[in-house]
Amino acid sequence: MDLKELKTSSRYLSILNANGIYNIKDFFLYLPRDYEDRTEIKKVRDLVIDNTTQTTKGELISKNMINTARGKKLIEIILEDEIGNKIFVNIMNNTYYFQTLEKGKFYVIVGKPKFQRGKIIFWNPKIINSENMKNNEQTGRIYPIYSELMGIKASRFAKKILENIEKLDYLFPDPLPQSIINSYGLLNLGEAIRNIHFPQSFEKLTKAQYRIYFDKVLKIQIVSQISKIKHKKEIKSKLIPKWEVIKNFLNTLPFDLTNAQKKAIKICIEDICSGKPMLRLLQGDVGSGKTVVAIAIAYYIKNVLGKQSAILAPTEVLAKQHFLGINKFLLPLGIKIDLLTGSTSLKDKEKIKQNLFNSNTDIVVGTTAIIQDTVDFCNLGFVVIDEQHKFGVKQRGYLKKFNTPHILQMTATPIPRSLAIAFFGEFDVSIIDELPAGRKKIHTKVITENQFNKLKEWILQKIDQGQQVYIITPLIEESEAMENVANVMQEYENTKDFFSSISDKVDVLHGKMSSKDKDLVMNKFKNNKTKILVSTTVIEVGVDSPTATIILIKNSERFGLSQLHQLRGRVGRSDLQSYCFLMTTSKSQDTIQRLKNMEKYSDGFNLSQIDLQTRGGGEILGIKQSGQTDIPINILMDTEFLEKVQNASIDILQTYPKLENLNLLKKEILKSDPNILS
Ligand code: ADP
Ligand code: MG
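Residues numbered from 1 in each chain as written. Chains lettered and ligands numbered in written order. Predicted model: local features only at pLDDT ≥ 70, side-chain atom pairs only at ≥ 80, totals over all residues. Heavy atoms only, no water.

The name an unreviewed UniProt entry assigns to the chain is ATP-dependent DNA helicase RecG, from the organism Candidatus Vampirococcus lugosii.

Spelled out as structure tokens, the structure:
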């Protein structure tokens, strides 16, 4: 329906358009950011000083304008309520009020009363002329406060919404089956939206918000559940686990697995033997040793099932490292491994594709090049997606190419269980909650540049002992790639100057380098030829150099804690004591306190929980831009609620497997994933 129905100016319309509001439906989906309780007009003696918004009303008996010592204008107004008690109102710098308010008229005052110098005072409240009949709608109810859009006043929004509120019911027919609405005790959608704007009561408001978020999460859940059903539909033969194959592999390792690693391997093998394809998310803190779990499974897949595996990493650097690491473990066992990334030469690519097609290759390690290219596997049995959070939830499409194999996603950002439900509903989740023995806690300190400068000699000593240093410069903005390069190159020059005695052992790494150059730099660092590596966050995930023991992160305030934790995980990868310095120029106590959490917590779980509270879910999941972050944090932390919605999605799909007869819902779901039902 057309916005013109709002009967409003073309200027207003163009502002709405500019903010993505094109029709009346959009208009109603512009939700209040807050509410004021204007249900009760209180007498002065009934006001409560508790920092809540309250409403009172009185006759204006005096007004006075004072020039303050600081050169401002203070307007003092006194009103009297119906039983003669005084209401004091102070307004700063608004001469408009001074001119328009009239003695002897009645005004409604909405604000947070304070108790000062023996008086109850309202500072800068809303003052509504209650003799103007048009204003009656503004009081006697819970009143919505909208964010102002380029000069459209909040009250204007409220007015327009109220004028048109009767249209709601036919604008928002309910997309959910009545049985679900009943069994989950939901408000109807129209009623919910009506109560979001003009709540009948705070209870109704809570129910209305519940309904809105229920629908949002439900859509995500339905997509997840359909993916899961599709994936699990594939029948595989039930098998008896051959534990001796795993044992044989473990016997070749130079270390003993932690119990948590063993448990993870066990559950994956059980998945594989269960008769249904595995779809599992393996969470484990940085350095908990997830890779070897994936390798063990790939080994099993080859030896027992005679099938191939693909291991996907988010960056070339990491893919290369996995390739080398996996070779180290599996080449001696006769497993054939190939590396396929965007920078693999065409000739090599052809050869690798041939190998995969003819089953000459058992494991291919690489980046998304593996799925983007026309790669055909002879018999792909297992796919690992490492550092899954770096691929982004939005790009889950990559799973489609691999509809039938066993899938193991791995992530080093241990996310709260509620988030796992919300965003990884289709996955079974396992957690590696133990680090290999002998790892020391990384000493972490928030410091200023000055403090860092004093560490120069100490760092040189460490380097003398064979240890290595990372210096990380922050990403400015993903889109400003060139500035990032300039930034890291500047840091590189500064570092060489600062550590002039070893300037030839300082190197630099950034995302815009050719992959050959990146390899060169990484190899030199891994071989301990380079002592200090100045880098952007390209080393964030996975990179493993055991003698690296010091990491300095500049402008650390620009990172989320989960990301800092990832970066910190580049050190502490052996039994050497490691150090993480978080440099900041920020003077904000909030910022410093947030960073100091890094000193306190050494496990990613606590840190991601804090991120979730202070920066929202997008930060952790790498989905800031995906539009799924408009779900507020208290909802994303509410495990019980999320489980309920998940159950509702399962209920719906049981009765309507293809969402048949639920056309509205189906349309919404297809909007988020056009191929999901095919
Ligand atoms: P992440 O879980 O962060 O991916 P990695 O798999 O890269 O961790 O493992 C980190 C390092 O620890 C690697 O060098 C790996 O070989 C080593 N490692 C893995 N498991 C163990 C273990 N049980 N004992 C000792 N070292 C281990
Ligand atoms: Mg890893």
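## With respect to the overall build of the chain
Counting its secondary structure elements, the chain contains 27 helices and 23 strands. In terms of overall dimensions, the chain has C-alpha extents of about 95 × 70 × 45 Å along its principal axes. The buried share of the chain, reckoned over its 678 residues, is 52%. Across the chain, the fraction of contacts at a sequence separation of at least 24, relative to all contacts at a separation of at least 6, is 71%. Distance between charge centres in the chain, computed from 96 positive and 75 negative side chains, equals 1 Å. (Helix = DSSP H or I, 4+ residues; strand = E, 2+ residues; numbered from the N terminus. Buried < 20%, exposed > 50% of the residue type's maximum accessible area, 1.4 Å probe, protein only. Contact = heavy atoms within 4.5 Å. Lys, Arg positive; Asp, Glu negative; His and termini not counted. Charge placed at Lys NZ, Arg CZ, Asp CG, Glu CD.)

## Brief notes about the environment of Ile193
Here Ile193 shows up in helix 7 (residues 189-197). Taking the C-alpha atoms as reference points, Ile193 and Tyr656, separated by 463 residues in sequence, lie 26 Å from one another. Non-local contacts of Ile193, meaning those with residues more than four positions away in its chain, are made with Phe28, Leu29, Leu168, Phe172 and Ile212.

## Details of the nonpolar core
One broad trend across soluble globular proteins is that nonpolar side chains are buried collectively. The biggest cluster of nonpolar side chains holds 54 residues, and the ones touching the most others in it are Leu176, Phe214, Ile222, Ile652 and Leu659. When residues of this core are assigned to their parent elements, the largest contribution, eight residues, is made by helix 8 (residues 202-233). Ile652 has contacts with Leu176, Ile180, Leu218, Ile222, Leu659, Leu662 and Leu665, leaving out every residue within four places of it along the chain. In terms of nonpolar packing, the next biggest core, distinct from the first, is built from 42 residues, Val245, Met278, Ile297 and Ala298 among them. (Core = buried A, V, L, I, M, F, W, Y, C linked by side-chain atoms within 4.5 Å.)

## A closer look at the pairing of strand 15 (residues 380-385)
With six of six residues buried, strand 15 lies mostly within the body of the structure. Sheet topology note: the strand 12 (residues 308-312)/strand 15 ladder contains five bridges and is parallel. For Ile311, the partnering residue across the bridge sits in strand 15 and is Val384. Pairing between strand 15 and strand 16 (residues 406-411): four bridges, direction parallel. In the sheet register, Phe382 faces strand 16, and the bridge partner there is His406. (Pairing = 2+ DSSP bridges.)

## What about the site of ligand 1?
Taken together, 16 residues lie around ligand 1, and Asp256, Gly287, Lys290, Thr291 and Asp544 are the ones closest in. Contacts to ligand 1 include Ser288, whose backbone N or O atom sits 3.5 Å from an oxygen atom. Interatomic distance of 3.1 Å between a side-chain N/O atom of Arg439 and an oxygen atom of ligand 1. Burial of ligand 1 by the surrounding chains reaches 84%, relative to a free accessible area of 560 Å². (Near = heavy atom within 4 Å. Polar contact = N/O pair within 3.5 Å; in protein donor to acceptor, adjacent residues only side chain to side chain. Areas by Shrake-Rupley, 256 points an atom, 1.4 Å probe, with all protein chains shown as cover.)

## Quick word on unusual backbone geometry
Of note in this structure, Arg117 is not a glycine but carries a positive phi near 45°. Its place among the elements puts Arg117 in the loop between strand 7 (113-116) and strand 8 (119-123). For Arg117, a relative accessible area of 80% gives the class exposed. Unlike most non-glycine residues, Asn528 shows phi in positive territory, near 65°. Among the secondary structure elements, Asn528 is positioned in the loop between helix 20 (515-526) and strand 21 (532-535).

## Let's talk about the sheet that holds strand 11 (residues 279-284)
Sheet architecture is open: seven strands sit in the order 13-14-12-15-16-11-17, paired in parallel fashion. Sheet topology places strand 13 (337-340) and strand 17 (428-432) at the edges, where each strand pairs with a single neighbour. Strand-to-strand twist in this sheet, taken as the mean axis angle between neighbours without regard to direction, amounts to 20°. The sheet contacts of helix 11 (residues 290-305) involve strand 11, strand 12, strand 14 (363-366), strand 15, strand 16 and strand 17, and relative to strand 15 the element is tilted by about 175°. Here helix 13 (residues 346-357) sits on the sheet and contacts strand 12, strand 13 and strand 14; the angle it forms with strand 13, its principal contact strand, is near 135°. (Axes fitted to C-alpha atoms, helices over the stretch in contact; angles between N-to-C directions.)

## A closer look at the pattern of salt bridges
The full count for this structure, using the stated rule, is 21 salt bridges. The salt bridge involving Asp428 is made with Lys232; its shortest N-O contact spans 3.7 Å. Taken together, the positions of Asp428 in strand 17 and Lys232 in helix 8 put the pair 196 residues apart, joining distant regions of the chain. For Lys671, the salt bridge identified is with Glu668, shortest N-O distance 3.4 Å. Here Lys671 and its partner Glu668 are both found in helix 27 (residues 663-672), three residues apart, which amounts to about one turn of the helix. According to the relative accessible area criterion, Lys671 is exposed, its value standing at 64%. Overall, the relative accessible area of 28% leaves Glu668 in the partly exposed class. (Salt bridge = Lys/Arg side-chain N within 4 Å of Asp/Glu carboxyl O.)

## Comments concerning the sheet that holds strand 23 (residues 579-583)
Read from one edge of the open sheet, six strands run 18-23-22-19-21-20, paired in parallel fashion. Taken across any chain shown, the strands that pair with only one partner, and hence form the sheet edges, are strand 18 (443-447) and strand 20 (506-509). Each adjacent strand pair in this sheet contributes to an overall mean axis angle of 15°, direction not counted. Relative to strand 21, strand 20 runs parallel, the two being bridged by four bridges. Of the residues in strand 21, the one forming a bridge with Val508 is Val534. Packing against the sheet, helix 20 makes contact with strand 19 (468-472), strand 20, strand 21 and strand 22 (548-553), and its axis sits at approximately 140° to strand 20.

## Looking at helix 13
Taking 1.5 Å per residue as the helical rise, helix 13 with its 12 residues ought to reach 16 Å, and the 16 Å between its terminal C-alpha atoms agrees with that figure. Within helix 13, burial applies to Lys349, Ile352, Lys353, Asn355 and Leu356. Each buried residue of helix 13 lies within a common arc of 160° when the element is viewed along its axis, so the set occupies one face. Seen from the buried face of helix 13, the exposed residues on the opposite side, beyond 90 degrees, are Lys347 and Lys351. In this fold, the buried residues of helix 13 make contact with strand 12, strand 13 and strand 14. (Expected span 1.5 Å × (residues − 1). Arc of directions from axis to C-beta.)

## A few points about the domain arrangement of the chain
Segmentation of the chain into domains returns domain 1 (10-165), domain 2 (243-275 + 289-411) and domain 3 (443-601). For domain 1 and domain 3, the distance between their C-alpha centroids amounts to 52 Å. (Domains from an automatic or database assignment.)

## Remarks on the pairing of strand 4 (residues 73-80)
Strand residues, when the strand is regular, have side chains that alternate between the two faces of the sheet. Relative to strand 4, strand 3 (residues 54-67) runs antiparallel, the two being bridged by eight bridges. Considered in strand 4, the bridge of Asn64 is made with Glu76. Where strand 3 folds back on strand 4, the antiparallel hairpin that results is connected by five residues, among which Gly71 adopts a positive phi of roughly 80°. Across seven bridges, the pairing between strand 4 and strand 5 (residues 86-92) is antiparallel. Of the residues in strand 5, the one forming a bridge with Ile75 is Ile91. Between strand 4 and strand 5, which follow one another and run antiparallel, lie five residues, and Gly84 among them has a positive phi close to 90°.

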